[in-house]
Amino acid sequence: EAQVTQNPRYLITVTGKKLTVTCSQNMNHEYMSWYRQDPGLGLRQIYYSMNVEVTDKGDVPEGYKVSRKEKRNFPLILESPSPNQTSLYFCASSHGQGAGGYTFGSGTRLTVV
Amino acid sequence: GIQVEQSPPDLILQEGANSTLRCNFSDSVNNLQWFHQNPWGQLINLFYIPSGTKQNGRLSATTVATERYSLLYISSSQTTDSGVYFCAAHRSGYSTLTFGKGTMLLVSP
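What you see is a predicted model, and the numbers here were worked out from it, not measured in a lab.

Novice: Could you clarify how one ought to interpret the overall build of chain A in this entry?
Specialist: Looking only at helices and strands, one finds zero helices and eleven strands in chain A. Along chain A, helices and strands appear, N-terminal first, in the series β-β-β-β-β-β-β-β-β-β-β. The C-alpha atoms of chain A give 13 Å as radius of gyration, which agrees with the globular expectation for 113 residues (13 Å, within 12%). Projected onto its principal axes, the C-alpha positions of chain A cover 40 × 25 × 25 Å. Residues classed as buried in chain A amount to 48% of the 113 residues present. Within chain A, contacts between residues separated by at least 24 positions form 54% of all contacts whose residues are at least 6 apart in sequence. Accessible area of chain A: about 5200 Å², with a carbon and sulfur share of 51%.

As structure tokens, then:
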């Protein structure tokens, strides 16, 4: 089944403790991106990657890092999480920039206390 | 960037009723999608429809690209249709899929 897999689905952590949210797709998509969803602010792009070793900032990149060492994986790294990073996170992938549509993962609900 | 506006913001229906959700976008797009966010927060892709008409069961969608709008039709609504419906558009040359603010649908038994 074609899908984007995010892990974990739920995470509660403490301020300052580094964490990684994994994202993997099995569709051989070139393009991958991360979004966060917050009440009243909608979905906003954090980072995106056009292909292996090519990443760039989205609208809200502060406090996040990403890497794209393999085509299928695009992890989101929070080096020192803060409470304002409490949010619902989504990973998405597509061929090119949106060609054929974006496929989203099931989401990761992160709480930083 | 592109602007995406959805209407209505909220909708309450009795089970069995039909509804139409609208999405207006400010510029030409190469990607237009409709998503349903269920109560568990998952974004379910309903349609990839940059132009034309598609149908999937009780749901159908139409995009008129030249007039920059898309419509999502839900017929014979069920309680499981409840949730938030998002329209999202992507314009060639931009990196972001831009989402509208959504239509929150509540279908009561």
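Novice: When you look at a nonpolar patch on the surface in this model, what are you seeing that I'm missing?
Specialist: On the surface, a cluster of nonpolar side chains totalling about 300 Å² of accessible area is made up of A:I12, A:V14 and A:V113. Among the residues examined, A:I12 registers a relative accessible area of 67% and is labelled exposed.

Novice: Please explain the interface of chain A and chain B as it appears in this structure.
Specialist: Reports of interface size often rely on the accessible area that becomes lost once the parts have come together. With 19 residues of chain A in contact, the opposing surface of chain B contributes 18 residues. Together, the buried faces of chain A and chain B total about 1500 Å²; carbon and sulfur atoms form 49% of this surface. There are zero salt bridges connecting chain A and chain B. Secondary structure elements with two or more residues in the side of chain A that touches chain B: β4 (31–38), β5 (42–51), β9 (87–95) and β10 (99–104) of chain A. Looking at the side of chain A that touches chain B element by element, the count peaks at five residues for β10(A).

Novice: Please clarify how the layout of surface pockets should be interpreted in this entry.
Specialist: Over the atoms rolls a probe the size of a water molecule, and its path tells where empty space is left. Empty space within the largest pocket amounts to approximately 810 Å³. Forming the boundary of the largest pocket are 33 residues, of which A:L41, A:G42, A:L43, B:G100 and B:K101 lie nearest the centre. Residue classes in the lining of the largest pocket are distributed as 14 nonpolar, 13 polar and six charged. Its boundaries defined by the atoms lining it, the second largest pocket holds a volume of some 180 Å³. Lining the second largest pocket are 13 residues, and of these A:Q3, A:V4, A:F104, A:G105 and A:S106 lie nearest its centre. Secondary structure elements with two or more residues in the lining of the second largest pocket: β1 (4–7) and β10 of chain A together with β5 (43–48) of chain B. Here the lining of the second largest pocket takes three residues from β1(A), the largest share from any one element.

Novice: Whenever I open this one, empty space enclosed by the protein confuses me. Can you help?
Specialist: On inspection of all chains with the given rule, the structure shows one cavity of 30 Å³ or more. Here the largest cavity defines a volume of roughly 30 Å³. If you trace the largest cavity, you find it lined by A:R9, A:Y10, A:L88, A:S106, A:G107, A:R109, B:W40 and B:G41. Tallied by class, the residues present in the lining of the largest cavity amount to three nonpolar, three polar and two charged.

Novice: Is there a simple way to explain the state of the cysteines in this structure?
Specialist: Chemically, a disulfide is nothing more than a covalent bond linking the sulfur atoms of two cysteines. The final tally for this structure, using the stated rule, is two disulfides over all chains. Each sulfur in the disulfide pair A:C23 and A:C91 lies 1.9 Å from the other. Measuring handedness by torsion sign, the sulfur bridge of A:C23 and A:C91 sits at about -70° and is left-handed. One end of the pair, A:C23, is in strand β3 (residues 19–25); the other, A:C91, is in strand β9, and 68 residues separate them in sequence. Exposure remark for A:C23: the relative accessible area of 2% places this residue in the buried category. Covalently, B:C23 is tied to B:C87 through a disulfide, its sulfur atoms 1.9 Å apart. Residues B:C23 and B:C87 share a disulfide whose torsion about the S-S bond is about -55°; that sign makes it left-handed. Residue B:C23 is located in strand β3 (residues 19–25), and its partner B:C87 is located in strand β9 (residues 83–90); the two are separated by 64 residues in the primary sequence. Each member of the pair, B:C23 together with B:C87, is buried.

The rules we used
Residues numbered from 1 in each chain as written. Chains lettered and ligands numbered in written order. Predicted model: local features only at pLDDT ≥ 70, side-chain atom pairs only at ≥ 80, totals over all residues. Heavy atoms only, no water. Helix = DSSP H or I, 4+ residues; strand = E, 2+ residues; numbered from the N terminus. Rg over C-alpha atoms; globule rule 2.2 N^0.38 Å. Buried < 20%, exposed > 50% of the residue type's maximum accessible area, 1.4 Å probe, protein only. Contact = heavy atoms within 4.5 Å. Areas by Shrake-Rupley, 256 points an atom, 1.4 Å probe, with all protein chains shown as cover. Patch = residues over 30% accessible without salt bridge, like charges linked within 9 Å, V, L, I, M, F, W, Y side chains within 5 Å. Salt bridge = Lys/Arg side-chain N within 4 Å of Asp/Glu carboxyl O. Buried area = accessible area lost by both parts, 1.4 Å probe. 1 Å grid on protein atoms, 1.4 Å probe; cavity = no way out; pocket = protein on both sides within 12 Å on 5 of 7 lines; lining within 4 Å. Points joined across faces, edges and corners; volume = space filled by probe spheres on them. Nonpolar A, V, L, I, M, F, W, Y, C, P; charged D, E, K, R; others polar. Disulfide = S-S within 2.5 Å.

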